[in-house]
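# Observations on chain architecture
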Amino acid sequence: MKKLMLSILAGASMLSCTGGQSKTLILYYSQEGSTETVAKEIAKNTGWDIERFDVAPAYDGDFNATVQRSQQESRSGELPALVPIKSDLSKYDRIFLGFPIWNGVYANPVKSLLNEVNLNGKTIVTFCTFGSGGLNTGTDALAKALPSSKVIEGYGCRAARMDAVPAEVVRFLVNGGYIEGEVQEMPDFSESQPVSESDVEIFNQACSSYQFPLGTPKEVAVRTIGEDTEYKFTVASSGFGGGGSSTIIYVIAQPGKTPEFTQVVR
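A brief report on the enclosed structure follows. From a predicted model like this one, the values you see are computed outputs, not experimental measurements. (Residues numbered from 1 in each chain as written. Predicted model: local features only at pLDDT ≥ 70, side-chain atom pairs only at ≥ 80, totals over all residues. Heavy atoms only, no water.)

### Some remarks on the packing of aromatic side chains
Stated formally: Ring pairs are drawn from Phe, Tyr and Trp, using the six-membered ring of Trp, whenever the two centres fall within 6.5 Å, and their geometry is named by plane angle: stacked under 30 degrees, edge-to-face over 60, tilted for the rest. A run of H or I in DSSP counts as a helix once it spans at least four residues, and a run of E counts as a strand once it spans at least two, with each numbered from the N terminus. When accessible area is computed with a 1.4 Å probe and restricted to protein chains, residues below 20% of their type maximum are described as buried, those above 50% as exposed, and intermediate ones as partly exposed.
This structure, assessed with the given rule, holds 15 aromatic pairs. Ring geometry for Trp48 versus Tyr178: centroids 6.3 Å apart, planes at 85°, classification edge-to-face. Separated by 130 residues along the polypeptide, Trp48 in the loop between α2 (34-46) and β2 (49-52) and Tyr178 in the loop between α6 (165-175) and β9 (193-194) bring together distant segments of the chain. Using a relative accessible area of 5% as the deciding quantity, one classes Trp48 as buried. For Tyr178, a relative accessible area of 13% translates into the label buried. Seen from their ring centres, Phe96 and Phe172 are 6.3 Å apart, and the 55° between their planes marks the pair as tilted.

Okay, structure coming up:
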């Protein structure tokens, strides 16, 4: 993975900004710092304007307190007020909107943002952090909430994998055409096959320590990226967020490291 990271970072030596007055704003909410890490990494590689937004009263409790408060707000429809944003949003035609995933979608402060700020007609590129997954569901929910905007699924990362952010953000920005550079081309996954005993062992090593059950792997597709191996498991879900449905869980195995899952796609 180190070799891959160096290759990616070297290939991104030429960074493309919008030139003159920026038309892209990185606007994000972060409670515990993970989403802020991603936001600052995007800003470092692009030179775009950046602003963190917040609500009042702020969410300052622990995980359980935040979950309880956000669920109560969602049930009642009473959201906290948005702290006024300093940036003049009329200057920007593209917003990179960042947030943590709560309850499978964007965090409640984003709901406050959508209630109080006009984003109609803008291009919205999402980025987020999460415990297990939610980039796809958070982006889909945002697209439904902003029918007059163009919403593009961007980058997501587990909060447990912040060390992977620098290389992955560069890859995302280059592949999206947001900055210039070269990254290693990602090969296609193999055809899905029933899991073997060794596949199940890889899956268990990557997922068994997660606080909620993620299900039972049934099929797997594989691809090799440099010295690393990425697995795409089709899983019969159970427990938290599963409901007995089928999900996709991505796992990365790197030499000398315990395999880890990178994202659950429900």
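### Let's talk about the sheet that holds strand β12 (residues 246-253)
Just so we agree on the cut-off: Following DSSP output, two strands are said to pair if at least two bridges run between them.
In space, the five strands of this open sheet follow the order β9-β10-β11-β12-β13, with antiparallel pairing throughout. Unpaired on one side and paired on the other, β9 and β13 (260-265) mark the two borders of the sheet.

### Overview of the side chain of Thr247
What counts here: Pairs of residues are marked as contacts when any of their non-hydrogen atoms sit within 4.5 Å.
Of note, Thr247 is situated in strand β12. Accessibility expressed as a relative area gives 2% for Thr247, which makes it buried. Not counting the four nearest positions on each side in its chain, Thr247 is found in contact with Phe233, Thr234, Val235, Ser237, Val264, Val265 and Arg266.

### Comments concerning the nonpolar core
Where we set the bar: What makes a nonpolar core is a set of buried Ala, Val, Leu, Ile, Met, Phe, Trp, Tyr and Cys residues whose side-chain atoms join them at distances within 4.5 Å.
Membership of the largest hydrophobic core comes to 29 residues, with the highest contact counts inside it found for Phe53, Ile95, Leu97 and Leu142. Within the residue set of this core, elements represented by two or more residues are β1 (24-28), β5 (94-102), α4 (108-116), β7 (123-130) and α5 (135-145). Sequence-distant contacts of Phe53, that is, excluding residues within four places in its chain, are made with Leu27, Tyr28, Tyr29, Leu82, Ile85, Leu97, Pro109, Val110 and Leu113. One finds Met162, Val165, Leu173 and Val174 within the second-largest nonpolar core, a separate group that totals 21 residues.

### Notes on the pattern of salt bridges
Filter applied, for reference: Throughout this description, the term salt bridge denotes a Lys or Arg side-chain nitrogen within 4 Å of a carboxyl oxygen of Asp or Glu.
The tally for this structure, following the rule as stated, stands at six salt bridges. Ionic pairing is found between Glu41 and Lys44, a salt bridge with its closest N-O pair at 2.9 Å. In this pair, Glu41 and Lys44 both sit in helix α2, three residues apart, roughly one turn of the helix. With a closest N to O distance of 2.9 Å, Glu230 and Arg223 form a salt bridge.

### Some details on α6
Across the eleven residues of α6, eight count as buried, placing the element largely inside the fold. Along α6, the positions that sit buried rather than exposed are Val165, Ala167, Val169, Val170, Arg171, Phe172, Leu173 and Val174.

### Things to note about the side chain of Arg158
Under the convention used in this document: Note that His is not counted, nor are the chain ends; the positive residues are Lys and Arg, and the negative ones are Asp and Glu. Under this definition, polar contacts are N or O atom pairs within 3.5 Å; protein pairs additionally need one hydrogen-donor-capable and one acceptor-capable atom, and for neighbouring residues in sequence, both atoms have to be side-chain atoms.
Mapped onto the fold, Arg158 is located in strand β8 (residues 150-158). Despite being buried, Arg158 has no salt bridge partner; Glu260 is the closest side chain of opposite charge, sitting 5.4 Å away. A polar side-chain atom of Arg158 sits 3.0 Å from the main-chain carbonyl oxygen of Gly131. Separated by 2.9 Å, the side chain of Arg158 and the backbone oxygen of Phe261 make a polar contact. Not counting the four nearest positions on each side in its chain, Arg158 is found in contact with Phe130, Gly131, Ser132, Tyr210, Phe261 and Thr262.

### Remarks on the pairing of strand β10 (residues 216-225)
Here β9 pairs with β10 via two bridges, running antiparallel. Following the sheet pairing, Gln193 is matched in β10 by Val220. Pairing between β10 and strand β11 (residues 228-236): nine bridges, direction antiparallel. In the strand pairing of β11, Val222 is matched with Tyr231. Where β10 hands over to β11, the hairpin turn is made up of two residues, of which Gly226 adopts a positive phi near 60°.

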